[in-house]
2 protein chains.
Amino acid sequence: MPEAASAPALRATIGDSEFDRDTAVTPREPGVYDIDLSAGWTIINAVNGGYLLAVLGRALADTLPHADPFTLSAHYLTASQPGPAVVRTQTVRTGRTLSTGQASLFQTDDQGREVERIRLLASYGDLGALPDDVRTSAEPPAIPPMDQCFGPEDGPAPVDGSSAIMDRLMLKLDPSTLGWALGKPSGKGEMRAWFGLADGRDHDPLSLLLAVDALPPTAFELGLKGWVPTVELTVHVRSRPAPGPLRVSITTRNLAGGFLEEDAEVWDSADRLVAQSRQLARARLG
Amino acid sequence: MPEAASAPALRATIGDSEFDRDTAVTPREPGVYDIDLSAGWTIINAVNGGYLLAVLGRALADTLPHADPFTLSAHYLTASQPGPAVVRTQTVRTGRTLSTGQASLFQTDDQGREVERIRLLASYGDLGALPDDVRTSAEPPAIPPMDQCFGPEDGPAPVDGSSAIMDRLMLKLDPSTLGWALGKPSGKGEMRAWFGLADGRDHDPLSLLLAVDALPPTAFELGLKGWVPTVELTVHVRSRPAPGPLRVSITTRNLAGGFLEEDAEVWDSADRLVAQSRQLARARLG
């Protein structure tokens with residue numbers, strides 16, 4: 001799909017963009033949705049976990065009486081493939097401020113059996129109804145200006161078999177977390193980047209679900225190679241993001257026993273911490 | 001139950017302790033377990049969320065082919081009461097290294113209706129089978145020696161209606177995170193303590209689930225009063241804990257819009273990071 005790589009004449013908008021079209025779910029019956037998982041969001045041939053989270057998140061937003069994801073916990077069971085899938089949701093509890101739901105994504109295997117890919121629990125609310133108080137002690141990550149950062153288009157593909165999703169993202173990595181791409185990983189479990197959608201679509205809570213799982217794994221800076229499959233990923237969406245690019249910072253403190261955690265913070269252009277996530281992933285020790 | 005508060009003549013052991021008896025589940029049929037939730041683990045009249053996690057964790061350990069919780073994500077739906085409850089589990093997927101399951105805890109209300117209290121997704125494995133490599137950059141929290149820390153028995157109850165669970169825990173709070181108890185909260189979202197079971201039982205993966213949700217809320221040090229109900233809590237168990245007391249450090253970076261996250265790290269006596277957790281909780285703004 002080379003058209004996505006060229007700069008669009010007009011910026012895409014929330015609701016009318018490739019991300020929206022590729023995460024749109026079609027109701028089949030109450031609580032059951034069909035989707036064709038796009039090959040446009042694959043990374044090294046696997047469908048990106050954040051894209052899948054956005055698909056499930058959109059289905060639950062339709063099922064539940066509240067529209068905004070507040071906290072989603074996804075367990076990744078088997079690797080999703082581009083192509084048809086079905087999302088089955090369940091309303092677990094509805095409340096005044098929060099509602100809780102469950103969703104699973106299934107695909108049909110070669111033998112015609114339905115295989116579950118992901119299952120998640122999530123609580124939804126109304127971000128617009130939250131009071132305006134912010135008493136955060138967190139500070140935005142120190143990332144150099146965007147023109148001093150580097151994207152996949154600025155050099156040879158640092159990851160073999162580089163991937164369709166990169167055409168759809170605006171990803172500019174902090175050079176101080178790019179040692180791995182030059183064969184000199186820093187040894188620190190850090191990855192930082194400016195993040196947007198290539199077609200200029202601004203962010204909403206659903207695209208934040210994409211943002212938390214779109215950077216190269218911190219394991220690369222820890223000197224590991226190969227992919228780092230997610231076991232479980234939990235996201236908290238804390239605020240509706242302001243227009244403009246996001247800054248994403250990912251940190252790993254504990255690589256042990258073949259597993260590591262990746263903590264992501266997502267900051268918007270108004271210097272607000274709009275999402276926090278943590279995943280447990282498996283490290284392929286060389 | 002005053003006998004729990006006095007020092008036992010013999011240390012309790014894993015498998016033969018009040019914590020083990022009070023989290024024991026009785027199989028009713030495959031995947032369904034009965035339990036009588038003990039009033040001994042209540043905090044301000046609510047059953048402690050970590051105790052409930054241990055109950056669900058024990059049921060899933062029985063259901064799944066793997067015995068050790070690796071990652072559990074719980075959504076708290078309604079407040080549990082001491083008394084009879086039923087845990088319904090489901091095996092979602094079994095694999096060689098990891099198995100995934102789901103569990104819900106139900107109680108019957110005054111009208112005889114079954115009400116769901118908590119639902120969780122969890123992936124289990126075998127902690128003993130993990131390789132020994134540790135490349136963590138995390139460092140244990142700086143907590144003063146235990147005899148310079150303070151527990152509920154060292155002064156007037158800092159929380160109104162102080163609670164049965166305190167008789168069952170060995171909790172010694174770092175004085176630098178105790179300002180709230182003296183009416184002078186530090187304004188920092190930090191809480192640190194030595195943590196053990198009062199009867200001397202050593203720790204195992206199940207009691208780590210208790211450890212991550214047993215300290216006073218960081219919100220107290222941020223100057224908030226009143227309780228801080230958990231919306232969602234995810235724990236990663238990273239290693240089997242060594243014998244001896246644990247150190248627990250809890251940090252909040254982002255109090256905003258009436259919600260806050262609490263990140264817990266649990267360290268064992270061998271200076272190993274044995275569990276990490278994050279919860280999203282509601283703050284009652286005064």
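Residues numbered from 1 in each chain as written. Chains lettered and ligands numbered in written order. Predicted model: local features only at pLDDT ≥ 70, side-chain atom pairs only at ≥ 80, totals over all residues. Heavy atoms only, no water.

### Remarks on the side chain of B:R119
By secondary structure assignment, the location of B:R119 is in strand β8 (residues 114–125). Of the polar contacts made by the side chain of B:R119, one reaches the side chain of A:Q102; its length is 2.5 Å. What B:R119 contacts, discounting residues up to four positions off in sequence, is A:Q90, A:V92, A:Q102, A:L121, B:S73, B:A74, B:H75, B:L77, B:Q102, B:A103 and B:S104. (Helix = DSSP H or I, 4+ residues; strand = E, 2+ residues; numbered from the N terminus. Polar contact = N/O pair within 3.5 Å; in protein donor to acceptor, adjacent residues only side chain to side chain. Contact = heavy atoms within 4.5 Å.)

### Structural notes on the pattern of salt bridges
This structure, assessed with the given rule, holds 38 salt bridges over all chains. Across the salt bridge formed by A:R253 and B:E265, the nearest N and O atoms sit 2.6 Å from each other. Here A:R253 is found in the loop between β12 (246–251) and β13 (255–256), whereas its partner B:E265 is found in strand β14 (residues 259–267) on a different chain. You can call B:E265 buried: its relative accessible area is 14%. If you follow the salt bridges from partner to partner, you end up with A:D20, A:R58, A:R201 and A:D204 in one network. (Salt bridge = Lys/Arg side-chain N within 4 Å of Asp/Glu carboxyl O. Buried < 20%, exposed > 50% of the residue type's maximum accessible area, 1.4 Å probe, protein only.)

### Thoughts on the environment of B:T42
Residue and element names in this part refer to chain B. Topologically, T42 is positioned in strand β3 (residues 42–43). Judged by its relative accessible area of 10%, T42 is buried. Once the C-alpha coordinates of T42 and Q81 are considered, the two residues, 39 residues apart in sequence, prove to be 8.7 Å apart. Aside from chain neighbours lying at most four places away, what touches T42 is V47, N48, P82, S163, A164 and I165. A polar atom in the side chain of T42 sits 3.0 Å from the backbone oxygen of A39.

### Some details on the relation of the copies chain A and chain B
Each copy superposes on the other: chain A lies on chain B with an RMSD of 0.0 Å after a rotation of 180° and an axial shift of 0.0 Å. What the rotation and shift describe, once combined, is the action of a two-fold rotation axis. Measuring from the rotation axis to each C-alpha of chain A, the shortest distance belongs to A:S73, at 3.2 Å. (Least-squares fit on C-alpha atoms with pLDDT ≥ 70 in both.)

### Things to note about the domain arrangement of chain A
Residues and elements named next belong to chain A. Under the domain assignment used here, chain A contains domain 1 (2–127) and domain 2 (146–282). Here the C-alpha centroids of domain 1 and domain 2 sit 20 Å apart. Taken together, the contact pairs 38 residues of domain 1 with 37 residues of domain 2. Between the two partners, domain 1 and domain 2, sit 4 salt bridges. (Domains from an automatic or database assignment.)

### Digging into the environment of A:E261
Mapped onto the secondary structure, A:E261 falls in strand β14 (residues 259–267). Remark: the alpha-carbon pair of A:E261 and A:F19, spanning 242 residues in sequence, is separated by 27 Å. A polar contact of 2.7 Å, which involves the side chain of A:E261, links it to the backbone nitrogen of A:R253. Side chain to side chain, A:E261 and B:R238 meet in a polar contact 3.5 Å long.

### Notes on the interface of chain A and chain B
Of the residues lining the interface, 56 residues belong to chain A; the matching set on chain B comes to 56 residues. Summed over both partners, the interface of chain A with chain B buries about 4800 Å², with 51% contributed by carbon and sulfur atoms. Here chain A is connected to chain B by 6 salt bridges. Run the count over chain A and chain B and you get 43 residue pairs in polar contact (both at pLDDT 80 or more). Its residues placed into classes, the side of chain A that touches chain B shows 21 nonpolar, 20 polar and 15 charged. (Buried area = accessible area lost by both parts, 1.4 Å probe. Nonpolar A, V, L, I, M, F, W, Y, C, P; charged D, E, K, R; others polar.)

### What about helix α2 (residues 49–63) of chain B?
An α-helix turns once per 3.6 residues; consequently, residues spaced three or four apart project the same way. All names here are of chain B. Over its 15 residues, α2 extends 21 Å from the first C-alpha to the last, a length consistent with the 21 Å expected when each residue adds 1.5 Å. Among the 15 residues of α2, 11 are classified as buried, and the element is accordingly described as predominantly covered. When α2 is considered as a whole, its buried residues turn out to be G49, G50, Y51, L52, L53, A54, V55, L56, G57, A59 and L60. Here α2 starts with a cap whose side-chain oxygen sits 2.9 Å from the backbone nitrogen of G50, and that cap is N48. (Expected span 1.5 Å × (residues − 1).)

### Observations regarding the pairing of strand β11 (residues 230–237) of chain B
Residue and element names in this part refer to chain B. When you tally the buried positions in β11, you get 8 out of 8 residues, the bulk of the element. Strand direction decides the pairing type here: strand β5 (residues 68–76) and β11, joined by 5 bridges, are antiparallel. Bridge pairing in β11 links S73 to T234. Two strands pair when backbone bridges link them, and β11 and strand β15 (residues 273–282) are joined in this way by 7 bridges, in the antiparallel orientation. Pairing of H236 across the sheet is with Q276, part of β15. (Pairing = 2+ DSSP bridges.)

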